[in-house]
Amino acid sequence: MASSGPKSGKKSLNTVTLLFKLPYYTQWGQSLLIAGSEPALGSWNVKQGLSLTPVHQDTELFWCGRVSVAAGFTSEYKYYVVDDNKNVLRFESGEKRKLVLPEGVQDGDVIEIRDWWQDASDALFLRSAFKNVIFNDTEGVKKEVQSVSLNKSLDSEDIVVQFVISCPRLVSGSTVVVTGSNPQLGRWQAQDGLKLSYVGGSMWKANCVLRKSEFPVKYKYCQISQAGNPSLELGPNREVDIDLSSPKQSRYVVLSDGALRDAPWRGAGVAVPVFSIRSDEDLGVGEFLDLKLLVDWAVNSGFHLVQLLPINDTSVHGMWWDSYPYSSLSVFALHPLYLRVQALSDAIPADVKEEIQQAKKHLDKKDVDYEASLSTKMSIARKIFNLEKDKVLNSSSFKQFLSENEEWLKPYAAFCFLRDFFETSDHSQWGRFSEFSKEKLEKLISEGTLHHDVIRFHYYVQYHLYMQLSEAATYARKKKVILKGDLPIGVDRNSVDTWVYPTLFRMNTATGAPPDYFDKNGQNWGFPTYNWEEMSKDNYGWWRARLTQMAKYFTAYRIDHILGFFRIWELPDHAATGLVGKFRPSIPLSQDELLSEGLWDFDRMSRPYIRQEILEEKFGSFWTVVAANFLNEYQKHCYEFKEDCNTEKKIIAKIKTSPEKSLWLEKEDSIRRGLFDLIQNIVLIRDPEDPTKFYPRFNLEDTSSFGDLDEHSKNVLRRLYYDYYFARQENLWRQNALKTLPVLLNSSDMLACGEDLGLIPACVHPVMQELGLIGLRIQRMPSEPNLEFGIPSQYSYMTVCAPSCHDCSTLRAWWEEDEGRRSRFYKTVVGSDEEPPSRCTPEVVHFIVQQHFDAPSMWAIFPLQDLLALKDKYTTRPAPEETINDPTNPKHYWRFRVHVTLESLLDDKDIQATIKDLVTSSGRSFPGKVEGADESGEKLSKVQLNGKA
């Protein structure tokens, strides 16, 4: 038994016994313990925490533990699931528990603390999206923290029960009571119930003295609105009982009852990239300050959330390729594209104002002209900078910004200068500046240099971007609208981050995704994969800094390709496609394992399988030209690639630069595809770092290399393929995610959502549920293997549902591009045997959108294009032009612009009313709605509260 307080011959402090009790089912080899802030609970050292013992009571398993402490003991604590060596397997979510003993405890008293495990989903409403945005006015209820005192002397038959409940969604002006089966709890009359006091952190408490003869006691918590209307919590009655047979009777029972059981809260939002917004003020592309208008439109339409694509600087190439928002030049710097130059100064000269007006007209195009908009803005910004640089850069506001952001801002500014000076972002080409050091950085950015104003200009632009986005974010919070950002899975290999932190990245690799719904050939994003082992050395400090920076602007975020935190699809840096990769981390097929299965010809299985008949079939009579230029015949009718074209990138280069290229000038694409098919015609991938390890090539049965093997080899490879992709990795991937994702989630109090589309391992959804991560459901990409279309009414609560997203065609385009699929959807989802309309009419859109509003998902978030399709007048543009991204094209131009201004949309009361009607009829929350009482369906009168409510 642990003990706090001094030990001497004479007892100097009153001591009491704490008895912790928690219902929790464990697996074999697992146990529970408590770690807390005080020595009696291990001082947060889990291995020295208070171990708990399992006790069966009827059908339940409780974990119990005793510890003696001083009567004035206070502590923070949490519960942990550990293995036999006290290694942490899981810990409860939410904020640390705060233990304050009830007033009046005396020497020798036993205080029984009955807790409930805090699931991650229970803690969601303590995240900033809810706490600081949607329910931020609830602090008006809690004018001051109140003390919970006991105004009664106790006798031997008295038991003090302390009721403790969390109410993060409490309605403004409401109070909380406990009502129940005995007189002190009002005999189920809510107005006569025991009133609780607010004690901070959404917690409410009250003490109640009960006689031993009154147990067991049934009870529920109840909100009472400012108007006096009671709203009883959902679910069965709670019950408290005591063990009268115990020789050491608990004098105090603390009921830590978790959260008040409300009806599931559901909200809705709109998704649109910043660059796609159009306003009367922009210069050819959406700007941060336009978000204020978008927020107004969202509020009028009943939305609590605005979701954006990544907004970091992507200026790697200095051309439209940089329109790809997921390829960050810096994960901290904001993109200068979104700067509003008119807001840089109150004293812009008349000639510059005229230049801005002319630029507005010139850049007001159907789509974003990325290069023109960015260069125009930077040209104007430099002119204003030259006029007011000293005033701004000497201001206290700028100095504070620089002080708080210099860790990333100074390297960013230096990188931008060097990029422009060397005319490349490839920092390996920067001579002595190729390797970053703080000494070199300080010299580069020092005041005495000729280029110091160039450095200061980058500071200036980032400062104003910070000010403008902060203004929009503050405005959104005041309007009860969540701004949801996007956390890209990768960074560009020629970025500030790979320059400053090269050991955090595996620069000889590339990130992508295996073949899936988006691309049957897989995707190659080009980002280097992460060196997780190196990142773990400072507890993932780079990731924590990213999340801290995001939280300055956003109260929710989307984790791009969350599967990458379980395992990433890793490709060699010489690959151009995403097909021939392997998962990292993963357990490979060992050479010994393959030998034991009777597979021994590793060279045959791991090198491109090229035979003359394959060449003839693929290239026809042109095969001899292909063979002569790209292949060597190493034995009769057997070929291998020449050294100068034995990778995908080398093939691309040779096709374009070979002296013989005139031979295939009009066949370039078909030759490239054919050669790619040949180089990918393998069944095993040999590990470049360990030649005794192998990985089965994705979809290996599709290859002629596999087809020409003997039946035994085929059967073994089929079994090992399934084992590699769908069985042996699950525990490894789960452990990997549980190392990294909790660090992200604990780095800020933003609400986190994970993009969990694609080839989903079995461990992903249980881990997301355990961590309180909200998943994504797109109707056309169901996670259930036997469905063609998802069923929104069957989605789980912890999801975001949407009819489409930025990585696929819009609802209109999807409907109109495939007649057969359209007919199947109309029959199976709409439930009609009639011929569906070939055009995606507003009626079709309304049906599909309403399905998603009505879904149980916590969030329904719609691309703006899909919402505008509710009205005919917004569907004049060809549907395919509204697609934001084509994942099959690695050089896609991200340039879609909404064809109507936000000002016009705000003037259109009809579209806003139509959308808000869908929100309200679905029961979802909306700005201005009185939350709580009418939501739960248990807005009850005194008469209805009587009896077993």
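Residues numbered from 1 in each chain as written. Predicted model: local features only at pLDDT ≥ 70, side-chain atom pairs only at ≥ 80, totals over all residues. Heavy atoms only, no water.

As annotated in an unreviewed UniProt entry, the chain carries the name 4-alpha-glucanotransferase and comes from Urochloa decumbens. Taken verbatim from the UniProt record of the chain, the Subcellular location (unreviewed entry) comment is "Cytoplasm". A UniProt comment under Sequence similarities (unreviewed entry) is attached to the chain, and it reads "Belongs to the disproportionating enzyme family." (UniProt positions renumbered as here; feature names shortened; annotations may be inferred.)

Novice: What should I look at first to understand the overall build of the chain in this one?
Specialist: Broken down by element type, the chain carries 27 helices and 38 strands. Computed over its C-alpha atoms, the radius of gyration of the chain comes to 32 Å, within 12% of the 30 Å expected for a compact globule of 949 residues. Relative to its full complement of 949 residues, the chain shows a buried share of 58%. Carbon and sulfur atoms form 50% of the exposed surface of the chain, whose accessible area is close to 39900 Å². (Helix = DSSP H or I, 4+ residues; strand = E, 2+ residues; numbered from the N terminus. Rg over C-alpha atoms; globule rule 2.2 N^0.38 Å. Buried < 20%, exposed > 50% of the residue type's maximum accessible area, 1.4 Å probe, protein only. Areas by Shrake-Rupley, 256 points an atom, 1.4 Å probe, with all protein chains shown as cover.)

Novice: For this particular structure, what's the right way to read the environment of Y25?
Specialist: In this fold, Y25 is placed in the loop between β1 (15-23) and β2 (31-36). In the structure, Y25 is positioned 36 residues away from L61 in sequence and 6.2 Å away in space, judged by C-alpha atoms. Leaving out residues up to four positions away in the same chain, Y25 has contacts with T59, E60 and L61. Here the side chain of Y25 touches T59 through a polar contact of 2.5 Å, landing on its backbone oxygen. (Contact = heavy atoms within 4.5 Å. Polar contact = N/O pair within 3.5 Å; in protein donor to acceptor, adjacent residues only side chain to side chain.)

Novice: Sorry if this is basic, but what is going on with the UniProt feature "domain: CBM20" (unreviewed entry) in the chain here?
Specialist: With numbering matched to this structure, UniProt assigns "domain: CBM20" (unreviewed entry) to residues 10-118 and 153-267. Between the first and last C-alpha atoms of residues 153-267 the distance is 48 Å; the span itself is 0% helix and 46% strand.

Novice: Quick question: what am I supposed to make of a negative patch on the surface here?
Specialist: A cluster of acidic side chains, namely E613, E616, E617 and D708, defines a negative patch on the protein surface. The topology assignment puts E617 in helix α13 (residues 612-619). (Patch = residues over 30% accessible without salt bridge, like charges linked within 9 Å, V, L, I, M, F, W, Y side chains within 5 Å. Salt bridge = Lys/Arg side-chain N within 4 Å of Asp/Glu carboxyl O. Lys, Arg positive; Asp, Glu negative; His and termini not counted. Charge placed at Lys NZ, Arg CZ, Asp CG, Glu CD.)

Novice: Whenever I open this one, the sheet that holds strand β28 (residues 582-584) confuses me. Can you help?
Specialist: Sheets are built from strands paired through backbone hydrogen bonds, the pairs being either parallel or antiparallel. Spatial ordering of the open sheet is given by β24-β23-β27-β28, a layout of 4 strands whose pairing is antiparallel. In the strand order of this sheet, the two ends are held by β24 (523-524) and β28, each with one partner. The sheet contact formed by strand β27 (residues 568-572) and β28 spans 3 bridges and is antiparallel. Among the inter-strand pairings, I568 is bridged to a residue of β28, identified as R584. (Pairing = 2+ DSSP bridges.)

Novice: Looking at this model, I keep getting lost on the environment of E701. Mind explaining?
Specialist: Secondary-structure assignment places E701 in the loop between β34 (693-696) and α17 (704-707). Taking relative accessible area as the criterion, E701 reaches 47% and is therefore assigned partly exposed. Remark: the alpha-carbon pair of E701 and F332, spanning 369 residues in sequence, is separated by 44 Å. Among residues more than four places away in sequence, those in contact with E701 are F706 and R718. In this structure the side chain of E701 is engaged in a polar contact, spanning 3.1 Å, whose partner is the side chain of R718.

Novice: Would you mind going over unusual backbone geometry with me for this structure?
Specialist: Glycine aside, negative phi is the norm for most residues, and most peptide bonds take the trans geometry. With an omega of 0°, the peptide bond between F215 and P216 qualifies as cis. By the element assignment, P216 lies in the loop between β14 (203-211) and β15 (217-224). Cis geometry is adopted by the peptide bond preceding P585, which originates at R584 and carries an omega value of -5°. With respect to the helices and strands, the residue P585 is situated in the loop between β28 and β29 (589-590). Positive phi values are uncommon outside glycine, yet S202 reaches one of about 70°. Within the secondary structure, S202 sits in the loop between β13 (197-200) and β14. In this structure S202 comes out as buried when scored by relative accessible area, which is 10%. Positive phi values are uncommon outside glycine, yet Y540 reaches one of about 60°. Looking at the element boundaries, Y540 is found in the loop between α9 (532-535) and α10 (541-550). For Y540, a relative accessible area of 8% translates into the label buried.

Novice: Before we go on, may I ask you to explain the nonpolar core in this structure?
Specialist: Among the nonpolar cores identified, the biggest contains 185 residues, and L291, W297, F303, W542, W543 and Y557 are the most heavily contacted of them. When sequence neighbours within four positions are dropped, the list of residues in contact with W542 reads V331, F332, V491, D497, Y501, L504, F505, Y530 and M535. Of all hydrophobic cores here, the second largest spans 30 residues; its members include W63, V69, V105 and V209. (Core = buried A, V, L, I, M, F, W, Y, C linked by side-chain atoms within 4.5 Å.)

Novice: How should the packing of helix α23 (residues 842-854) against helix α26 (residues 909-921) be read in this particular structure?
Specialist: In a packed pair of helices, the relevant descriptors are the angle between the two axes and the axis-to-axis distance. Contact pair α23 / α26: the axes reach a minimum separation of 9 Å and the direction vectors enclose 40°. With respect to α26, the axis of α23 lies oblique. Seen from above, α23 lies across α26 with right-handed handedness. When α23 is examined against α26, the residues H846, V849, Q850 and F853 are found in contact with a partner set consisting of I915, L918, V919 and S921. Classifying every residue of the contact of α23 with α26 by side-chain character gives 5 nonpolar, 3 polar and no charged. (Axes fitted to C-alpha atoms, helices over the stretch in contact; angles between N-to-C directions. Parallel < 35°, antiparallel > 145°, perpendicular 65-115°, else oblique. Left-handed = near helix turned anticlockwise from the far one by under 90°. Nonpolar A, V, L, I, M, F, W, Y, C, P; charged D, E, K, R; others polar.)

Novice: Please clarify how the packing of aromatic side chains should be interpreted in this entry.
Specialist: The geometry of an aromatic ring pair comes down to the distance between the two centres and the angle between the two planes. Per the counting criterion, the structure on display carries 71 aromatic pairs. In textbook terms, an aromatic cluster arises when at least three aromatic residues are bridged by ring pairs, as seen for W569, F583, Y695, F698, Y721, Y722, Y724, Y725, F726 and W733. Across from the ring centre of F125, 5.1 Å away, lies the NZ or CZ of R169, which sits over that ring. Over the aromatic face of W321 sits the side chain of K891, whose NZ or CZ is 3.7 Å from the ring centroid. (Phe/Tyr/Trp six-rings, centres within 6.5 Å; stacked < 30°, edge-to-face > 60°. Lys NZ or Arg CZ within 6 Å of the ring centre and 35° of its normal.)

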